[in-house]
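# An overview of the molecular structure
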Amino acid sequence: MTGPVDIVVRCRNEMPWTERTVTGLLDQEGVEARLFFIDSASTDGSREVAVGRGLRIHDWDPSQYVPGRVLNFGMEQTDSPIVAFINADAVPQGRDSLRALIEPLESPDVAATFARQVARPAAGRLTRVDYERAFGDAPPRTRVGSFFSMAASAIRRDVWERTPFDPDLQYSEDVDWTTRVTALGHRVVYVPEARFEHSHDYDVRGQFKRRRGEGVADSAIHRLGKASIIDDLARPFAGAVLRDARAGVLAPDALALRVVQAAGYFVGRWETKR
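Residues numbered from 1 in each chain as written. Predicted model: local features only at pLDDT ≥ 70, side-chain atom pairs only at ≥ 80, totals over all residues. Heavy atoms only, no water.

### What to know about the nonpolar core
Counted only if it meets this: By nonpolar core we mean a set of buried residues, namely Ala, Val, Leu, Ile, Met, Phe, Trp, Tyr and Cys, connected to one another through side-chain atoms within 4.5 Å. Exposure classes here rest on a 1.4 Å probe applied to the protein chains alone. A residue is buried below 20% of its type maximum, exposed above 50%, and partly exposed in between. Should any heavy atoms of two residues lie within 4.5 Å, those residues are considered in contact.
By size, the foremost hydrophobic cluster in this structure holds 31 residues, and its most contacted members are I7, L35, I86 and L98. Excluding its chain neighbours within four sequence positions, the residues that come into contact with I86 are I7, V8, V9, R10, T21, L25, L101, A151, A152, S153 and F196. Within the second largest apolar cluster, 27 residues are counted, among which are A112, A119, Y131 and Y190.

Spelled out as structure tokens, the structure:
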């Protein structure tokens, strides 16, 4: 496409990745990247990186952070027809990653794209297995809805103008948005050629909190009924254990992690339909 492409970079204490991400985005070929940096009270030098590179910066109070509101704000503060959202810790792997990510959006029926996320070299083995499954040559099948990740993605402005992000969801705001736009006939495209280094090794508490939030969000997004011990707890747990066994990583710590993940999701589903 001709003209600059706005890149909304959301950040809160993402060093040392922030510097690599900003440098990588500004060094992309075939795309004139125009970065808009939204910082949530970083104290690790991330904001200083943005200042040093002369980026346009907006400071967002973390106590007021709701993902959909921030995404809508990013769109409101930019004006390119296609806008990319790249988290400050999602490092481009190659100088053509951004071009590959936005290229499918030249087709008017494509509402959004998302990139392959490659686990960091130091990521734990279970994290690597999960990311390889989620971001392989094709996205994974999901029990409800479809898979999408906003961490390295791009969307069409004209679609967003008709269908903005939900300003109240705390989790899965990206899945909610893609669910609504695909229901309107648009496509969401996975672009494995666009590669970004990005992964998180959540502790037990973080795993439970994240999965609980996803359970709550799924109930709202897909209007699911009452939580089922079989469908929302036993089957997801069994499926995860089977995948771990096939990947050769089944061990006591893997079992414990899958228990926490399955329990967190079930609790989130159960809480919303009691």
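Moving on, there is more to tell.
### Considerations on the environment of Y171
Heads up, the condition is: Helix and strand assignments come from DSSP, with helices taken as H or I runs of at least 4 residues and strands as E runs of at least 2, each series counted from the N terminus.
Note that Y171 resides in the loop between helix 6 (157-162) and helix 7 (173-183). For Y171, a relative accessible area of 25% gives the class partly exposed. Residues Y171 and G215, spaced 44 residues apart in sequence, show a C-alpha to C-alpha distance of 9.0 Å. Sequence-distant contacts of Y171, defined by excluding residues within four places in its chain, comprise K209, R210, G213, E214 and A217.

### A few points about the sheet that holds strand 5 (residues 91-92)
Note the threshold: Note on pairing: DSSP must find at least two bridges between two strands before they are called paired.
Taken in spatial order, the 8 strands line up as 3-2-1-4-7-6-8-5 in an open sheet, and their pairing is mixed. The open sheet has two edge strands with one neighbour each: strand 3 (56-59) and strand 5.

### Some remarks on the side chain of T18
Within the secondary structure layout, T18 lies in helix 1 (residues 17-26). What T18 contacts, discounting residues up to four positions off in sequence, is C11, F37, S46, V49 and A88.

### Some points on the packing of aromatic side chains
To describe a pair of aromatic rings, you give the distance between the ring centres and the angle between the ring planes. Threshold: When two rings of Phe, Tyr or Trp (its six-membered ring) have centres within 6.5 Å they constitute a pair, described as stacked for plane angles under 30 degrees, edge-to-face for angles over 60, and tilted for the intermediate range. A ring is scored as having a charge over it whenever the NZ atom of a lysine or the CZ atom of an arginine sits within 6 Å of its centre and within 35 degrees of its normal.
Inspection of the entire model under this criterion finds 8 aromatic pairs. Their ring planes at 70 degrees and their centres at 5.1 Å tell us that F114 and F148 sit as a pair that is edge-to-face. Note that F114 is positioned in strand 6 (residues 110-118) and F148 in the loop between helix 5 (125-134) and strand 7 (152-156), a separation of 34 residues in sequence. When its relative accessible area of 2% is taken as the criterion, F114 is described as buried. Here F148 falls in the buried class, since its relative accessible area comes to 5%. Residue placement shows R120 over the ring face of W17; its charged tip is 3.9 Å from the ring centre.

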